[in-house]
Amino acid sequence: MVIVGIDVGGTNTDAALISEGRILATAKVPTCHDQLLESTTLAFEKLLNAYDRPDLSDPIELHLSTTLSTNAIIEGQGDPTAVLAAPGPGMNVAELNPGFPIYVLSGSMDHRGREVAPINQEEVLDAVSQAEAGGATALAVVGKFSHRNPGHELEIEKLILKRASKTGRITLGHRLSGRPNFPRRMATSYLNASIARHQAVFVDMIRKFMVRDRSVGRVFLLKADGGTMQLEDSLIRPVETILSGPAASIMGAEALSAYPDSNTVILDIGGTTTDISVQIKGDTVFQRQGAEIAGYKTLVPALFSRSIGLGGDSEIKVVRRLESNKETDASLSGNNTLDLDIELEIGPRRAGTPAAFGGDCITPTDAAVALGLAKVGSASQATRALADFAEIYGIGAKELATKIIDTFIKQLVVAIEETYEYLESRPVYTVSEILTPPDIRPQALIGLGAPAGVFIPPIAESLGLKYQVLPCYESANAIGAAASRPTAQITLHADTALGVMTVPEADYVGKIERPVLFGINQARREAMAWATKFGKKLGLDEADNIQIVEEESFNMVRGFHTVGRTFMIRAQVRPGVRRICSSPD
Amino acid sequence: MQTSKHKVGLIFFPAFDWAITPDHPEREERLLYTRDQIMEEGLLDVAGIEEYRPEIAEDSHINRIHVCVPDASGVITESHRIAAGGTMVAADLVLTGKVDRAFALLRPPGHHAMRIVHGSRGFCLVNNEAIMVEHIRHTYGPDIRIAIVDTDAHHADGTQDIFYNDPGVLHISLHQDGRTLYPGTGFVEERGGPASYGMTVNVPLPPGTGDDGILYVLENLVLPILEDYEPDIVINAAGQDNHYTDPLTNMNFTAGGYARLTELLAPDIVVLEGGYSIEGALPYINAGILLALAGLDYSAVKEPDRSARVTPQSDRVTQNIRGLVDTLRKMWNTRKNIDPDRVFGPGPVYERERRIYYDTDGISEQQFERIARCESCSGWRLVVSGAVHDIGKVSRIAAIIIPWHACRTCRSAAEAEFENACKEPQLDHVYLQDTERDRFLTTST
């Protein structure tokens, strides 16, 4: 099968064509602003031209990562959207300050999904009229604990579709995630509703493109979790396509990694920032609750990545110049050479164009160029700029350059350590997890980005790790897009005391037939079956490749008697990437 | 995004894999619904509320305040170490200024654990607050003035026992009257030992006390005492079994009442104690406490069945509480005028004998205690304790305790007593607890 991965980024659009684990062609075109389809088409055509064996008998599978939803949210271009919320008792939503209008409805559920207060139909219809009068053209409906019982959300949707709205599609909170967190569920649903129309326009364009270019068979879109979703499903859950660009790069590194089953740390060193991501036994660590975008905290599953303001073009500052004690120096060393006793700090701001490229700033790139570690730009310009700067402190250009490189490495090593300390300090709720924490520390370091060749080997040495500098870093994002596989997740909640089982993502609330006999094994079987069914509904071929990722089970005791058990099982289509051989053939 | 007024550190440790026994109130499920509520409310996303991981308390932390028989690792589980360690983290967060307030929302609880520990009583083995207090004094200074306000429905007899003669700790316990509830102690006349008379304040509340009553006690007794005492650190041992749905008590407090209590008391550190209405009370009380600590609006926190279940506090209860508060205020204000000789007798030592029952583990302890009445310090102590376990095991120990700021006379008397006691053939174990010097000696004869 031939897969084309295209990542439409802010500046460039990258494309890669892979087949049977090999990269057959890559292409890069500048992104035409606001012209996603143009950029995609251009990159696609350039890629096929670069591919010199155009015997494509099978249809191409296209994996597309775009900035469409991300930009719509960041630039505030989403449709005016109102959230109808049933918060029930608890935190005061008026204090939430969420950045979108909330119309509060009565009606509430408790933590086990039991109805505490019913919804009021008139109130719902009033809220819809008010929201529409206020200019809202998109609606989201979210209840507290709707992941435990989506009944109210479904009832409200039905009512609105029947009696009120001109809007065709309403986002319901429980369909987007089976995880708790009402404010995040509201934000996720709000964003989803606000970009749904943009997504529909985009999907339409892609369909037209497919009609025009018959070589494309199926189209998948990249998600923040590094997996893919079918084009059609993005109409229901467009919010999942946010932040797919950074995810694509991480997936590219995962696909090309020489250490596929190890604990690794991936450094994506760019001009302005370095992104740190962490893999445990080959799988990238996720954000604890979900993605954050434009100040919105969401429940969108997303890869964990820490961005440090440290890159090839970062600003260099002298933070401390120690007065060298000449007497001591003289007596100790017997000569007059000065110690290089200035301390530097690199980043977090970008300086500008490096001197090596004709700019007027000195940057880590200039240090690497001046020392002959990187063969880009003009070494003499870089050296001259460094010498001018170094002169103030009475040192030479080479010494300064070495100091810059050392500082860069030191700062990155600290950032890596902090990243692991953060991940290791994430709270856990069992005695066994406190006593025997999993070993997440890296065995290998993987580097991508232009400056990676300079910095990765010494960082790896300093951390005592094996390392790999990815050769095709320029198109790692497109390779990652092509290598990605579908992902989908369901949450099963079963309460045998109530005799109720819920799978919110699949709109399912049902009776447990024989609660007394319902144990952990049956809960697991049910969860696997629902994940398979849900996966198939999403058109996933890999619906047989299901795994349980989280599970909880508790005895429920009331008055010294066991009255039932409660289960939470999270099952997913096993994520992962197609392995790609990193040497071009 | 929502921002809290006060920076709050939350140490949440529900110990989802630990129970006393599968059907025991102190079981895996206890904080499950609390977790569900806190997560669903999104409280951990509030800017200014940060979650921290507990640490594990070492023997050395526990031995500063407890004498465990035969030793710490012989009686406690890892879960107890994590609960105590999490409480210590709460103190560190506050005392290093990382947060303004901290909430150790963890289990198992500790306030029934006394200084001598033969086993578990009232679901408690080691005293989380007491271990924390010694951690504070060792790390941040021995003269930090500490106030513990225990609002669990059961008398905090363990905490009272540990700090009974400690002039550095003010201990106020609000609880359901001991004549009607375990452990059957905590009466107004229990006011502390000879070195700290008046520093133990017990407020036995009549069954049926509601929000009005507890908040009345807080505003008219607890807050004025704290204002007078001026503690550096206020610790709230926040048991949640005063709630109207609690299966073990007969009180009438609500989640909103707890939140208001937290707001008024403004504690630096809150530590969960009891509370076994795991569905009807804990999720709402804990959400309320966390919101109140953060300075956020808690007025919408309300139990689903509150309007149907909560009746106004009866006039009889109200009158009873007003009288109690009047008495206790007078007792606080006049505590320094009382001649200790009239309370503890005129001799050079004060002696008492007690029976202590360990309900959870079925142990009966007989304790003899002798406190030296010293002009220059709070006086060294000897405790001789015999325990009969329901499985027939018998153990007999002696513990010699050197207090903070012990004078040289008391110190050498205590050390001499330790040497003598070590020679006593009838004692299985002899311990010397020298908290100030972080020294814990033990000899088995």
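(A) Just the overall build of chain A, in detail. Looking only at helices and strands, one finds 15 helices and 27 strands in chain A. Principal-axis analysis of the C-alpha atoms gives chain A an extent of 90 × 65 × 50 Å. In chain A, which comprises 585 residues, the share counted as buried stands at 55%. In chain A, 66% of the contacts between residues at least 6 apart in sequence involve partners at least 24 apart. Total accessible area computed for chain A in this model is approximately 24600 Å², and 51% of it derives from carbon and sulfur atoms. Positive and negative charge centroids in chain A, built from 57 and 69 side chains respectively, lie 6 Å apart.

(B) Region of the structure containing the domain arrangement of chain A. For chain A, the domain assignment lists domain 1 (81-199), domain 2 (258-471) and domain 3 (489-573). Taking only C-alpha atoms into account, the centre of domain 2 of chain A sits 45 Å from that of domain 3 of chain A.

(C) Region of interest: the sheet that holds strand β4 (residues 101-106) of chain B. All names here are of chain B. The 8 strands lie next to each other as β2-β1-β4-β10-β9-β6-β7-β8, forming an open sheet whose pairing is parallel. Two strands in the sheet have a free side with no partner beyond their single neighbour: β2 (47-52) and β8 (200-205). On average, each strand axis in the sheet is tilted by 15 degrees relative to the strand beside it, whichever way the strands run. Both strand β6 (residues 146-150) and strand β7 (residues 169-176) contribute to a ladder of 5 bridges, which runs parallel. Across the sheet, the residue bridging to Ala 147 is Leu 170, located in β7. Relative to β4, helix α4 (residues 78-95) is tilted by about 170 degrees, and along the sheet it contacts β1 (3-13), β2, β4, β9 (233-238) and β10 (269-272).

(D) Structural context of the pattern of salt bridges. Inspection of every chain in the model, using the stated rule, returns 53 salt bridges over all chains. In this structure, Arg 524 of chain A engages Glu 551 of chain A in a salt bridge whose closest nitrogen and oxygen atoms are separated by 2.6 Å. Of this pair, Arg 524 of chain A sits in helix α15 (residues 520-537) while Glu 551 of chain A sits in strand β26 (residues 546-558), and the two are 27 residues apart along the sequence. Residue class for Glu 551 of chain A comes out partly exposed when judged on its relative accessible area of 36%. Asp 305 of chain B is paired through a salt bridge with Arg 309 of chain B; the nearest N and O atoms lie 3.4 Å apart. Judged by its relative accessible area of 43%, Arg 309 of chain B is partly exposed. By sharing partners, the salt bridges in this structure join Asp 110, Arg 112, Arg 114, Asp 495 and Arg 558 of chain A together with Arg 27, Glu 29 and Glu 279 of chain B into a single network.

(E) Seen up close, the environment of Lys 398 of chain A. All names here are of chain A. Here Lys 398 lies in helix α11 (residues 397-424). Residues Lys 398 and Arg 570, 172 residues apart in the sequence, show an inter-C-alpha distance of 56 Å. Every residue in contact with Lys 398, bar those within four places of it in the chain, is listed here: Ala 370 and Leu 371.

(F) Inspection of the interface of chain B and chain A at higher detail. In this complex, chain B contributes 45 residues to the contact, which on the side of chain A involves 50 residues. Of the roughly 4100 Å² buried where chain B meets chain A, counting both sides, 54% is carbon and sulfur surface. At the junction of chain B and chain A, the tally comes to 10 salt bridges. In this structure, the salt-bridge partner of Arg 35 of chain B is Glu 552 of chain A, at a minimum N-O distance of 2.5 Å. The interface formed by chain B and chain A includes 32 residue pairs in polar contact (both at pLDDT 80 or more). Mapped onto the side of chain B that touches chain A, the elements with two or more residues apiece are β1, α1 (32-41), α4 and α9 (282-294) of chain B. With 8 residues, α1 of chain B is the largest single contributor of residues to the side of chain B that touches chain A. Of the residues in the side of chain B that touches chain A, the class split is 25 nonpolar, 4 polar and 16 charged.

(G) Region of interest: the confidence of the model for chain A. When pLDDT is averaged along chain A, the result is 91, and 94% of the positions lie at 70 or above. Between residues 325-338 of chain A, whose pLDDT stays under 50, and residues either more than four places distant or in other chains, the model counts 8 contacts.

(H) Just the packing of helix α1 (residues 36-50) of chain A against helix α6 (residues 182-212) of chain A, in detail. Residues and elements named next belong to chain A. Here α1 crosses α6 at 30 degrees, and the two axes come no closer than 10 Å. Handedness of the crossing formed by α1 with α6: right-handed. For the pair α1 and α6, the contacting residues are Leu 36, Leu 37, Thr 41 and Phe 44 in the first and Phe 202, Met 205, Ile 206, Phe 209 and Arg 212 in the second. For the contact of α1 with α6, the residue count by class is 7 nonpolar, 1 polar and 1 charged.

(I) Spotlight on the environment of Ile 23 of chain A. Mapped onto the secondary structure, Ile 23 of chain A falls in strand β3 (residues 22-30). Separated by 349 residues in the primary sequence, Ile 23 of chain A and Gly 372 of chain A place their C-alpha atoms 30 Å from one another.

(J) Structural view of empty space enclosed by the protein. Residue and element names in this part refer to chain A. A full pass over the atoms with the stated rule returns 10 cavities of 30 Å³ or more. There is about 340 Å³ of room inside the largest cavity. Together, 27 residues line the largest cavity, and Lys 223, Glu 240, Pro 301, Ala 488 and Gln 489 are the ones closest to its centre. Elements with a minimum of two residues in the lining of the largest cavity: α5 (173-176), β12 (228-230), β23 (489-495) and β27 (561-573). When residues of the lining of the largest cavity are assigned to their parent elements, the largest contribution, 3 residues, is made by β12.

(K) Main features of the packing of aromatic side chains. Considering all chains together, one arrives at 17 aromatic pairs over all chains under this definition. A ring pair is formed by Phe 344 of chain B and Tyr 350 of chain B, whose centres lie 4.8 Å apart and whose planes are at 80 degrees; its orientation type is edge-to-face. Here Phe 344 of chain B matches Tyr 350 of chain B in class, with each residue buried. Aromatic ring contacts, followed pair by pair, group Tyr 429 and Phe 554 of chain A together with Phe 12 and Phe 16 of chain B into a single cluster. Over the ring of Tyr 358 of chain B we find Arg 121 of chain B; its NZ or CZ atom is 5.8 Å from the centre of that ring.

(L) Highlighting the sheet that holds strand β10 (residues 170-172) of chain A. Residue and element names in this part refer to chain A. Read from one edge of the open sheet, 4 strands run β6-β5-β9-β10, paired in parallel fashion. If you trace the sheet from one side to the other, it starts and ends with β6 (102-104) and β10, each paired once. With strand direction ignored, the average angle separating the axes of adjacent strands in the sheet is 25 degrees. Strand direction decides the pairing type here: strand β5 (residues 81-86) and β6, joined by 3 bridges, are parallel. Opposite Ala 85, over in β6, you have Val 104 as the bridge partner. Each of β5, β6, β9 (138-143) and β10 is contacted by α6, which is oriented at about 160 degrees to β9, the strand it contacts most.

(M) Region of the structure containing the pairing of β7 of chain B. Residue and element names in this part refer to chain B. The buried fraction of β7 amounts to 8 of the 8 residues, a majority that puts the element mostly inside the structure. With respect to chirality, the unit in which β6 leads through helix α6 (residues 157-162) into the neighbouring parallel β7 is right-handed. Pairing of β7 with β8, which is carried by 6 bridges, proceeds in the parallel orientation. Paired with Ser 173 across the bridge in β8 is Asn 202.

Reading guide: rules and limits
- Residues numbered from 1 in each chain as written.
- Chains lettered and ligands numbered in written order.
- Predicted model: local features only at pLDDT ≥ 70, side-chain atom pairs only at ≥ 80, totals over all residues.
- Heavy atoms only, no water.
- Helix = DSSP H or I, 4+ residues; strand = E, 2+ residues; numbered from the N terminus.
- Buried < 20%, exposed > 50% of the residue type's maximum accessible area, 1.4 Å probe, protein only.
- Contact = heavy atoms within 4.5 Å.
- Areas by Shrake-Rupley, 256 points an atom, 1.4 Å probe, with all protein chains shown as cover.
- Lys, Arg positive; Asp, Glu negative; His and termini not counted.
- Charge placed at Lys NZ, Arg CZ, Asp CG, Glu CD.
- Domains from an automatic or database assignment.
- Pairing = 2+ DSSP bridges.
- Axes fitted to C-alpha atoms, helices over the stretch in contact; angles between N-to-C directions.
- Salt bridge = Lys/Arg side-chain N within 4 Å of Asp/Glu carboxyl O.
- Buried area = accessible area lost by both parts, 1.4 Å probe.
- Polar contact = N/O pair within 3.5 Å; in protein donor to acceptor, adjacent residues only side chain to side chain.
- Nonpolar A, V, L, I, M, F, W, Y, C, P; charged D, E, K, R; others polar.
- pLDDT = per-residue confidence, 0-100.
- Left-handed = near helix turned anticlockwise from the far one by under 90°.
- 1 Å grid on protein atoms, 1.4 Å probe; cavity = no way out; pocket = protein on both sides within 12 Å on 5 of 7 lines; lining within 4 Å.
- Points joined across faces, edges and corners; volume = space filled by probe spheres on them.
- Phe/Tyr/Trp six-rings, centres within 6.5 Å; stacked < 30°, edge-to-face > 60°.
- Lys NZ or Arg CZ within 6 Å of the ring centre and 35° of its normal.
- Right-handed = clockwise from strand over helix to strand, strands pointing away.

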